[in-house]
Amino acid sequence: MKKIKNIFYAASIVTAVYFCLKYPKDIGESVENSINRCMTLIIPSMFIFMCITSFITNSGLHRFLGRPLRFISEKFFRIPEEGLAVFILSMIAGYPAGTKLVADSFKNGDINGEQAKRMYCFCFSSGPAFISGTAAGILYPNSNAGLLIFLSVTAGNIITALILSINAPKVAKKNKRNITSVSTGCIIPSVKSASSAMIQMCIMIAAFGGFCCILRLTGILQYISIFTGNILNKNPDEIYNTLMTILEISNIVNLPQMNISLMPVAASLLSFGGICVLMQITALSDKNFSIKMFIRTRLIAAFISGTACRFLLRFLNMHNVKEVVSYNIISDNKYSPLPTIFLIIMMIMLLGTFKNSDKTKAGV
């Protein structure tokens, strides 16, 4: 079995190298499109949320925020009050932030290993900034779709958290007093942490842009799309864009605009997150992370989110919204990428400053 895996990996690498050498322009354009999507959509909409959530955890404010909901946290979710605050923040901040918050809480001793293992599975959301500003803002402009999808994704996470807590042990009482330390000294480390996460996210998106292009050039995705479309009697283009979104979630903006029937699908995709995000959170998590448990849980959460979206659609009249012209992510975007470029440069400078500072303290 191991030998077969090695042969498969070797063949995949050789195939990737072949397509990189034969179609450098196509792959380069795909990577460029992914980078432009990061600069014009993802970084502007998510960076400030990453900074805020990082500041809250670095200052210890999350311990204070979860205190009023202590009974709900311990009784229903079987996590301490600090864990519930992390759960709420993860719903706001976006995909990688939730994983990092859980990892930091475990390192700080706010949650134990068993609790961290469960929390990795439901402290996972695309966040309102990405949903409203990017996904729903492009697919369903001038509507309340962003709020509906966000509520659907949140419902999936809440129900999943309740399911995982059924056989979980009770929260042990703590004797130590939780202390918060809000100061200006927390600001720079918070920005540094957010910068590191954003850079890692954008690099992964750019890399997956090239990977998805290679899959497209092989014709595998097109064949699967046509085959699946014939079976389900669906448009192959819609299935192709869905497969691309499963690989990398920011491709969700390529789904057909104002297609109300696809809104539950969009909610499910945003709840699952995609393969690219999975690789990001694997890098940010610690030894308590279980990839098998995570995938199983996210599939359940995606189903719940899609079902919740279909139910909520009954109370939102989307059919009266006028259809708008197709939105071109790159060429027609009214925002200049220059501010984001300068922001990335400042991120790198900030991270470099911290690295040099650590070396100086270590006597290097």
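Up top you'll find the structure we're talking about.
Read on for an overview of the structure. This is a predicted model, so every value here is computed, not measured. Positions within a chain are numbered from 1, following the residues in the order the chain's sequence is written. Where local features are concerned, this predicted model is filtered to residues with pLDDT of at least 70; where side-chain atom pairs are given and counted, the filter is 80 or more; whole-chain, interface and lining totals use all residues. With hydrogens and water stripped out, all remaining heavy atoms of the structure feed into the side-chain values.

**Observations concerning the environment of Ala116**
Our working definition: Helix and strand definitions here come from DSSP, where helices need a minimum of 4 consecutive H or I residues and strands a minimum of 2 consecutive E residues; each element is numbered from the N-terminal end. Burial classes: relative accessible area under 20% of the type maximum marks a residue as buried, over 50% as exposed, and values in between as partly exposed (1.4 Å probe, protein chains only). Any pair of residues with heavy atoms lying within 4.5 Å of one another is described as a contacting pair.
Its place among the elements puts Ala116 in helix α7 (residues 113-122). Judged by relative accessible area, Ala116 falls into the buried class, the value being 0%. Residues within four places of Ala116 in sequence aside, it is in contact with Val102, Phe106, Ile111 and Asn288.

**Quick notes on the environment of Cys51**
Positionally, Cys51 belongs in helix α2 (residues 24-59). In this structure, Cys51 is in contact with Ser190, Val191 and Ala194, ignoring residues within four places of it in sequence.

**Side note on the state of the cysteines**
Rules: In this description, a disulfide is simply a cysteine sulfur pair whose atoms lie within 2.5 Å.
In the structure shown here, the tally under the stated rule is 0 disulfides. We note that Cys38 lacks a disulfide partner, and the nearest cysteine sulfur, in Cys202, lies 3.7 Å from it. Cys38 sits in the buried class, given a relative accessible area of 3%. Cys213 forms no disulfide, and the closest cysteine sulfur to it belongs to Cys20, at a distance of 8.7 Å. By relative accessible area, Cys213 is classed as buried at 2%.

**A closer look at the packing of helix α6 (residues 95-107) against helix α14 (residues 275-284)**
Cut-off, in case you're wondering: Helix axes are fitted only over the stretch in contact, all axes being lines through C-alpha atoms; the angle between N-to-C directions runs from 0 to 180 degrees. Should an angle fall under 35 degrees it is taken as roughly parallel, and over 145 as roughly antiparallel, whereas 65 to 115 is taken as roughly perpendicular and any remaining angle as oblique. A crossing counts as left-handed when the near helix is turned anticlockwise from the far one by less than a right angle, and as right-handed when that turn is clockwise. Gly falls in the polar group here, along with every residue not listed as nonpolar (Ala, Val, Leu, Ile, Met, Phe, Trp, Tyr, Cys, Pro) or charged (Asp, Glu, Lys, Arg).
In contact at an axis separation of 9 Å, α6 and α14 are set at 20° when each is read in the N-to-C sense. As the angle between them shows, α6 and α14 are arranged roughly parallel. Considering how the two elements wind past one another, α6 and α14 form a crossing that is right-handed. Contacts between α6 and α14 involve Tyr95, Pro96, Thr99 and Ala103 from the first element and Val277, Gln280, Ile281 and Leu284 from the second. Across the contact of α6 with α14, the residue classes break down as 6 nonpolar, 2 polar and no charged.

**Structural notes on empty space enclosed by the protein**
What counts here: Lining residues are defined by having an atom within 4 Å of a point belonging to a cavity or pocket. Those points lie on a 1 Å grid over the protein atoms alone, cavities being sets where a 1.4 Å probe fits but cannot get out and pockets being open sets with protein on both sides within 12 Å along at least five of seven lines. Grid points are joined across faces, edges and corners, and a volume is the space filled by probe spheres set on the points.
Within this structure, the stated rule accounts for 2 cavities of 30 Å³ or more. Here the largest cavity defines a volume of roughly 90 Å³. As for the largest cavity, its lining consists of Ile42, Met46, Tyr95, Pro96, Phe130, Met201, Ile205, Glu248, Ile249, Ser250, Val277 and Gln280. Of all elements in the fold, only α2, α6, α10 (187-218) and α14 reach the threshold of two or more residues within the lining of the largest cavity. Looking at the lining of the largest cavity residue by residue, the class counts come to 9 nonpolar, 2 polar and 1 charged. Of the volumes computed, that of the second largest cavity is approximately 30 Å³.

**Here we look at the nonpolar core**
One recurring pattern in soluble globular proteins: nonpolar side chains tend to sit buried together. Heads up, the condition is: Here, nonpolar core refers to any group of buried Ala, Val, Leu, Ile, Met, Phe, Trp, Tyr and Cys residues whose side-chain atoms link them within 4.5 Å.
In terms of nonpolar packing, the biggest core is built from 72 residues, with Ile252 and Leu270 touching the most fellow members. In terms of residues, this core owes the most to one element, α2, which gives 9 residues. With residues up to four places along the chain from it excluded, the contact list for Ile252 reads Ala135, Leu139, Thr245, Ala266, Leu269 and Leu270. The next biggest cluster of nonpolar side chains, apart from the first, holds 6 residues, and it includes Cys212, Leu215, Tyr240 and Leu247.

**Thoughts on unusual backbone geometry**
Here the phi dihedral of Arg78 falls at roughly 55°; this positive angle occurs in a residue that is not glycine. Mapped onto the elements, Arg78 comes out in the loop between α4 (70-77) and α5 (81-93). Residue Met258 is not a glycine yet carries a positive backbone phi of 55°. The residue Met258 is located in the loop between α12 (236-247) and α13 (263-272) in this model.

**Some words on helix α9 (residues 145-164)**
Cut-off, in case you're wondering: The span you would expect from a helix comes to 1.5 Å times its residue count less one.
For α9, with 20 residues, the first-to-last C-alpha span of 29 Å sits near the 28 Å given by 1.5 Å per residue. Listing the buried residues of α9 in full gives Ala145, Gly146, Leu148, Ile149, Phe150, Ser152, Val153, Thr154, Gly156, Asn157, Thr160 and Ala161.

**Quick look at the pattern of salt bridges**
What counts is decided by this rule: Any Lys or Arg side-chain nitrogen found within 4 Å of a carboxyl oxygen on Asp or Glu counts as a salt bridge.
Enumeration according to the criterion identifies 4 salt bridges in this entry. The partner of Asp104 in a salt bridge is Lys100, with the nearest N and O atoms 3.1 Å apart. One end of the pair, Asp104, and the other, Lys100, are both in helix α6, 4 residues apart, so they sit about a helical turn from each other. Among the salt bridges present, the one from Glu114 reaches Arg118, with a minimum N-O distance of 2.7 Å. Taken together, the positions of Glu114 and Arg118, both in helix α7 and 4 residues apart, correspond to about one turn of that helix.

**Here we look at the packing of aromatic side chains**
Spelled out, the test is: Side-chain rings of Phe, Tyr and Trp, where Trp is taken by its six-membered ring, are said to pair if the distance between their centres is within 6.5 Å; with planes under 30 degrees apart they count as stacked, over 60 as edge-to-face, and otherwise as tilted.
Summed over the entire model, instances satisfying the criterion amount to 10 aromatic pairs. Both rings, one in Phe19 and one in Tyr23, keep their centres 5.8 Å apart while their planes meet at 20°; by these two values the pair is stacked. Relative to Phe227, the ring of Tyr223 lies with its centre 6.3 Å away and its plane at 15°, an arrangement referred to as stacked. Residue Tyr223 and its partner Phe227 are both found in helix α11 (residues 220-232); the two are separated by 4 residues, about one turn of the helix. For Tyr223, a relative accessible area of 59% gives the class exposed. The exposure class of Phe227 is partly exposed, given its relative accessible area of 48%. Through a chain of ring-to-ring contacts, the aromatic side chains of Tyr120, Phe124, Phe289 and Phe294 assemble into a single cluster.

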